[in-house]
Amino acid sequence: MSLLDQFRKDTILDLDANDAEVAKKHGPFGNMTSNQAIIFNELSRPNHADLILESARQALSDIEQGVEKDGAVELTVDWMTAKLGAEVLPLLSGFVLAQTHPSQARNTDATVKHARRMVRLFERAGVPSSRVCIKIPATLEGLRACRILSKDHNINTLATTVFIVEQALAAAEEAGCLFTSPYVNPLEVHFVPGSHVVHADPITEMRGMKATAEIQRQFRRRGVATKVLAASLITIEETICLSGVDRATLGSTMLDMLSNEKDSERFQKLRERAIQSYSPDFQVASDLPVDAHFPLDEPATALKAALARPEIAHLITDALRHFTNSENGLIALAEKALADVQK
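Basis of the calculations
One numbering rule holds for all chains: residues counted from 1, following each sequence as written. Reporting of local features is limited, given that this is a predicted model, to residues whose pLDDT is at least 70; pairs of side-chain atoms are given and counted only at 80 or more, and all residues count toward the totals for whole chains, interfaces and linings. The basis for every side-chain value is the complete set of heavy atoms in the structure, and neither hydrogens nor water enter the calculation. Helical segments are the DSSP runs of H or I of at least four residues, strand segments are the runs of E of at least two, and each set is numbered from the N terminus. Under the rule applied, a polar contact is a pair of N or O atoms within 3.5 Å (in protein, one hydrogen donor and one hydrogen acceptor; residues adjacent in sequence only if both atoms are side-chain atoms). The contact definition used throughout considers only heavy atoms, calling two residues in contact when any of these lie within 4.5 Å. Type-normalised accessible area, obtained with a 1.4 Å probe on protein chains alone, sets the label of each residue: buried when under 20%, exposed when over 50%, and partly exposed for intermediate values. Aromatic pairing here means that ring centres of Phe, Tyr or Trp (its six-membered ring) are within 6.5 Å. Orientation follows from the plane angle: under 30 degrees is stacked, over 60 is edge-to-face, and everything else is tilted. Consider the ring centre and the ring normal. A charge sits over the ring if Lys NZ or Arg CZ is within 6 Å of that centre and within 35 degrees of that normal.

Colleague: Quick one: what's the story with the side chain of S2, residue by residue and with numbers?
Modeller: Topologically, S2 is positioned in the segment before α1 (3-10). Separated by 3.1 Å, the side chain of S2 and the backbone nitrogen of D5 make a polar contact. If sequence neighbours within four positions are ignored, S2 has contacts with L258, S259, E261, K262 and D263.

This is the structure:
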């Protein structure tokens, strides 16, 4: 049995790629997760040239007809995202996920507006709103946007760029998120060569792995409906350490690695330890008490203090910077497409 087959027995598997071919090769999958970096990398492939131009034409048509009112560039980017998601939907049993503008991650109103438009475009592209889930960076403002979208607009949300338990609890208990996505590794490991640190024992040594485990324990102790959807993995060992978590999203490289690796006694022992670490009965002295809560309304003192810790503030800011760079790349693609269709 391959490690991929075994992993599916312990954890629901989601696809961290906006690629129908990967979905066909390694499915079945529940959800498909994406972000600006994933979309940009996918659209950089030549087989999507027509989709990019179609998105630009659709954006111009929408504005001309008054269907949408915002700028053609951002609308083109959102149409590209919606059309890509629609291609993968038939291969999923769950949700298509897309991320709001990271550049507006500290602006609640702008995030709500963007999320609502994304849902509209997904529906027009053939993805029912019931199958769409919007990823929103878990800043204080982003979590407030999640709450508005969940409660006032019946839009499914996922809190992303989660690095600490406090973010996850606020997402689950205050914002009503369907999922929360803790990052096992800092986002920079996917962008900066040589930045990834290999740990001898990820379960006890990795900051992100320990945070993910406590988030899962807290959710199970408190009986919240929100599910953990862990992300940002580099090694096979890190992935096996997620055995027993609610869900994990894996990219094409990791899927290939797991499918080509056979299960072994070493991985079995690691898997057993991982599953134990996610049990609500597993006791860790540093775990937050179950009566610890993190309100979003002002003054939001507890959550603000947690987010302001230097290491955490850096992790969030750095993740938003990388995602914003990819957002700018998508804007450049859209600008070129709009120029081409208007020649």
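Colleague: Outline the side chain of S150, supporting the account with residue identities and numerical values.
Modeller: Relative to the helices and strands, S150 is located in helix α7 (residues 140-153). For S150, a relative accessible area of 19% puts it in the buried group.

Colleague: Which residues make up the packing of aromatic side chains, and what values do they have?
Modeller: Enumeration according to the criterion identifies two aromatic pairs in this entry. Summarising the aromatic geometry, the rings of F95 and F179 are spaced 5.9 Å apart at their centres and angled 80° between planes, so their arrangement reads as edge-to-face. With F95 in the loop between α5 (72-88) and β2 (96-99) and F179 in strand β5 (residues 179-182), this pair connects stretches of sequence that are 84 residues apart. Taking 5.4 Å as the distance between ring centres and 75° as the angle between the ring planes, the aromatic pair formed by F163 and Y183 counts as edge-to-face. Of this pair, F163 sits in the loop between β4 (156-162) and α8 (165-174) while Y183 sits in the loop between β5 and α9 (202-205); the two residues are 20 residues apart in sequence, bridging distant segments of the chain. Accessibility classification places F163 together with Y183 in one group, the buried group. The side chain of R8 reaches across the aromatic face of F29, ending 5.3 Å from its centre. Directly above the ring of F267 sits R266, whose terminal nitrogen or CZ lies 4.3 Å from the centroid.

This is a description of form; function is not addressed.
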